[in-house]
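Take a look at the letters that make up each chain.
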Amino acid sequence: MYIVFLGAPGAGKGTQAANAARELGLTAIASGDMFRQAIERGDRLGLKVKDYLEKGVLVPDEITTEVVLERMSSPDCRGGVVFDGFPRNLKQAEVLDEALKRQNNIIDWVVYIKVSDTELIKRLSERLVCRKCQTPYGKGAAYTEGKCQKCGGELYQRPDDNIETVKERLKVYFNKTAPLIEYYKKSGKLLEVDGEGGVDKVSRNITGVLRKRECITR
Ligand code: AMP
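If you're wondering where the values come from, they're calculated on a predicted model, not measured in any experiment.

Calculation rules
Sequence positions are assigned chain by chain, starting from 1 and proceeding in written order. A pLDDT threshold of at least 70 governs which residues receive local features in this predicted model, and a stricter bar of 80 or more applies before side-chain atom pairs are shown or counted, although totals over entire chains, interfaces and linings include all residues. Side-chain measures were taken over the full set of non-hydrogen atoms in the model, leaving aside hydrogen atoms and water. In DSSP terms, a helix is any run of H or I states spanning at least four residues, a strand is any run of E spanning at least two, and both are numbered starting from the N terminus. Categorising residues by exposure relies on relative accessible area from a 1.4 Å probe, with only protein chains included: less than 20% of the type maximum marks a residue as buried, more than 50% marks it as exposed, and the intermediate range marks it as partly exposed. By convention in this text, a residue qualifies as near a molecule or strand provided that one of its non-hydrogen atoms is within 4 Å of it. What qualifies as a polar contact is a pair of N or O atoms within 3.5 Å, subject to a donor-acceptor requirement within protein and to the restriction that residues adjacent in sequence count only when both atoms come from side chains. Where accessible areas are quoted, they stem from the Shrake-Rupley method and a 1.4 Å probe; at the residue level, only the protein chains shown are allowed to cover. Nonpolar residues are Ala, Val, Leu, Ile, Met, Phe, Trp, Tyr, Cys and Pro. Charged residues are Asp, Glu, Lys and Arg, and all others, Gly as well, are polar. Should DSSP find at least two bridges between two strands, the strands are taken to pair. Axis definition: a line fitted to C-alpha atoms, limited for helices to the stretch in contact. Angles are taken between N-to-C directions and run from 0 to 180 degrees. Take a side-chain nitrogen of Lys or Arg and a carboxyl oxygen of Asp or Glu: if they are within 4 Å of each other, that pair is a salt bridge. When the sulfur atoms of two cysteines come within 2.5 Å, that pair is taken as a disulfide. The arc under discussion is defined with respect to the helix axis, by the directions toward the C-beta atoms. Contact definition: two residues touch when any of their heavy atoms are within 4.5 Å.

1. Description of unusual backbone geometry
The residue after Phe86, namely Pro87, is reached through a cis peptide bond having omega 0°. Examined against the element boundaries, Pro87 turns out to sit in the loop between strand E3 (81-84) and helix H5 (90-102). Of note, the phi angle at Asn104 is positive, near 60°, even though the residue is not glycine. Position of Asn104 relative to the elements: it lies in the loop between H5 and strand E4 (109-114). Positive phi, close to 70°, is recorded for Gln134, a residue that is not glycine. What makes Gln134 buried here is its relative accessible area of 5%.

Right, dumping it as structure tokens:
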């Protein structure tokens, strides 16, 4: 099964995609996490993408699709994938469709997490992320302790979560990524989910729509 998580920055895609992957026994591929990890390592990919992430604009499609398609070819992706942050524009969506077609696979569902603009800006400006495993945290206990509850890593504010870059990222989202909502709606794959409220409430909304489509049978 192949599921795409779609939504604006701050909609909760990362957290919800990771939860869904665990629940469905699929592998999560998060393009943004892969880029940030490469930047932390300071490797060739990291050097190539650093400027784009700092500015809040999209990494060129050739780089992004190469990284994601290579990751998809790993053995742990054979059983299916939950995509978080990919595709981000129509070109990437087409490349993904073609790559899956070559393997006789298709995108099964697209979970679109809908959140209001004011809530997005609030969440992004408060968010901390684990430097090691990329788990995001909103305000709460872990937040004040400054340590990741999963791996003990240091929590930090993503450099692209400052207000100027957030505005740029939202602009990029509405211009380039939002047209994907129509693209997937046309193919009958779009599952719209209310993303307002706490993580658990949104998780329940997502489980509900996936259960209706018999992705989750329990
Ligand atoms: P994210 O963690 O999904 O918010 O992504 C952080 C940043 O990584 C974005 O602002 C882009 O600069 C870059 N990025 C992540 N995914 C993609 C993608 N599919 N295409 C292009 N750039 C991406």
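2. Brief notes about the site of the ligand
Taken together, 17 residues sit near the ligand, with Ser31, Arg36, Val57, Gly85 and Gln92 positioned nearest. Contact between the ligand and Ser31: a nitrogen atom at 2.8 Å from a side-chain N or O atom of the residue. Within the side chain of Arg36, an N or O atom sits 2.9 Å from an oxygen atom of the ligand. For the ligand, whose unbound accessible area comes to 480 Å², protein coverage reaches 95%. Secondary structure elements with two or more residues in the shell around the ligand: helix H2 (31-41) and helix H3 (44-55). Looking at which element gives the most residues to the shell around the ligand, the answer is H2, with 4 residues. By residue class, the composition of the shell around the ligand is 7 nonpolar, 5 polar and 5 charged.

3. Here's the deal with the sheet that holds strand E6 (residues 136-137)
Across the sheet, 3 strands lie side by side as E6-E5-E7; this open sheet has antiparallel pairing. Each edge of the open sheet carries a strand with a single partner, namely E6 and strand E7 (155-156). Summarising the sheet, strand E5 (residues 128-130) and E6 pair through 2 bridges and their orientation is antiparallel. Counted as the bridge partner of Val129 is Pro136 from E6.

4. Notes on the sheet that holds E3
Spatially, the 5 strands line up as an open sheet ordered E2-E3-E1-E4-E8, and their pairing is parallel. In this open sheet, the two strands that pair with only one neighbour each are strand E2 (27-30) and strand E8 (190-194). Geometrically, the sheet is characterised by an average inter-axis angle of 20° between neighbouring strands, direction not taken into account. In this sheet, E4 lies alongside strand E1 (residues 2-6) in parallel orientation, the contact comprising 4 bridges. Bridge pairing links Phe5 to Val111 in E4.

5. Structural notes on the pattern of salt bridges
The full count for this structure, using the stated rule, is 14 salt bridges. Asp33 serves as the salt-bridge partner of Arg36, at 2.8 Å between the closest nitrogen and oxygen. Pair noted here: Arg36 and Asp33 are both in helix H2, with a separation of 3 residues, about one helical turn. By relative accessible area, which is 11% here, Arg36 ends up buried. We note a salt bridge from Asp161 to Arg169, for which the minimum N-O separation is 2.8 Å.

6. Some thoughts on the pairing of E3
Side-chain alternation along E3 places Val81 and Phe83 on one buried face and Val82 and Asp84 on a second face that is also buried. Of the strand pairs in this sheet, E1 and E3 are connected by 4 bridges, and their pairing is parallel. Looking at the pairing, Tyr2 lines up with Val81 of E3. With 4 bridges connecting them, E2 and E3 associate as parallel partners.

7. Here we look at the state of the cysteines
Scanning all chains against the criterion turns up 0 disulfides. No disulfide involves Cys133; its sulfur sits 3.7 Å from the nearest other cysteine sulfur, which is in Cys148.

8. Concerning helix H6 (residues 117-126)
Buried within H6 are the following residues: Leu120, Arg123 and Leu124. Looking down the long axis of H6, one finds its buried residues gathered within 95° of arc, a one-sided arrangement. Looking at the buried positions of H6, the neighbouring elements they touch are helix H8 (163-177).

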